[in-house]
Amino acid sequence: LVVAALLRLDKDAALTLVAEKLSSQTLDVAQRVYWLGAGLQLEPSLYLEQTRQYVGKSQLRGTHLVDLLHALRREKSDPRPDWPVAVLGFLIQLLGPRTSPRIWASGAHWVSPAMELGEFVEGLIMTLAGLPDDDATHALTSLLEDTRLAGWENTLRRAAFDQQAIRRKAHFQPANVPSVFN
């Protein structure tokens, strides 16, 4: 139901449905996480803190959020809307310790849910790397300092390096004649 609501309802109708569902006292843990995840997809600024508070570091609640993201990935090629940096950082911190970066070997292999999750986390990190603002720089620095993400250190370092180059390009100002002579 949650995935169908996200894919088929217009944003306002979906947000109304999310608010109605979350106001219910009869939701179990999984249902509450799914509806918070739906809210996070639709209106990150409104639902990030609620999701962060409810999911916290709970393995079970985090697993339910992963389940929702997997369901969305099956229905669409990429479930990531234009999430703000804070949402990207939250999801990387939540999901990163559950998986590791992908290592491709030659030949045909079965792709496990953990491997799919690793690919998703890597996509989140690369999304951060593509943002030229200070918030993305701070998020990548913070993620590099998070010991729970030690398995992602090389990926995060590469992302921080790539992000520096993107920042330079985005903020480059060609010199004008008076500044050259002064």
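Described in the following lines is the structure provided in the data block. (Residues numbered from 1 in each chain as written. Predicted model: local features only at pLDDT ≥ 70, side-chain atom pairs only at ≥ 80, totals over all residues. Heavy atoms only, no water.)

Attention shifts here to the pattern of salt bridges. Where charged atoms of side chains with opposite charge meet at close range, the side chains can pair. All chains considered together, the criterion is met by six salt bridges. Two residues, Arg52 and Glu49, come together in a salt bridge whose shortest N-O distance is 3.4 Å. Separated by three residues within a single helix, Arg52 and Glu49 lie in helix H4 (residues 44–55), roughly one turn from each other. On the basis of relative accessible area, Arg52 is assigned to the partly exposed category, the value being 28%. Across the pair Arg158 and Glu122 runs a salt bridge whose closest N-O atoms are separated by 3.5 Å. Linking Arg158 in helix H9 (residues 153–171) with Glu122 in helix H7 (residues 113–129), this pair joins segments that are 36 residues apart in sequence. (Salt bridge = Lys/Arg side-chain N within 4 Å of Asp/Glu carboxyl O. Helix = DSSP H or I, 4+ residues; strand = E, 2+ residues; numbered from the N terminus. Buried < 20%, exposed > 50% of the residue type's maximum accessible area, 1.4 Å probe, protein only.)

The end-to-end C-alpha distance of helix H2 (residues 11–23), which contains 13 residues, comes to 18 Å, matching closely the 18 Å that a straight helix rising 1.5 Å per residue would cover. Turning to H2, its buried residues are Ala14, Leu15, Leu17, Val18 and Leu22. Summarising the axial view, the buried residues of H2 lie within an arc of 160°, below the 170-degree limit, and thus occupy one face. More than 90 degrees from the buried face of H2, the exposed residues found are Asp12 and Ser23. Against helix H1 (2–8), helix H3 (29–42) and H4 lie the buried residues of H2. Two or three places before Asp12, at the opening of H2, Asp10 has a side-chain oxygen 3.1 Å from that residue's backbone nitrogen. (Expected span 1.5 Å × (residues − 1). Arc of directions from axis to C-beta. Contact = heavy atoms within 4.5 Å. Polar contact = N/O pair within 3.5 Å; in protein donor to acceptor, adjacent residues only side chain to side chain.)

Just geometry here; none of it tells us what the structure is for.
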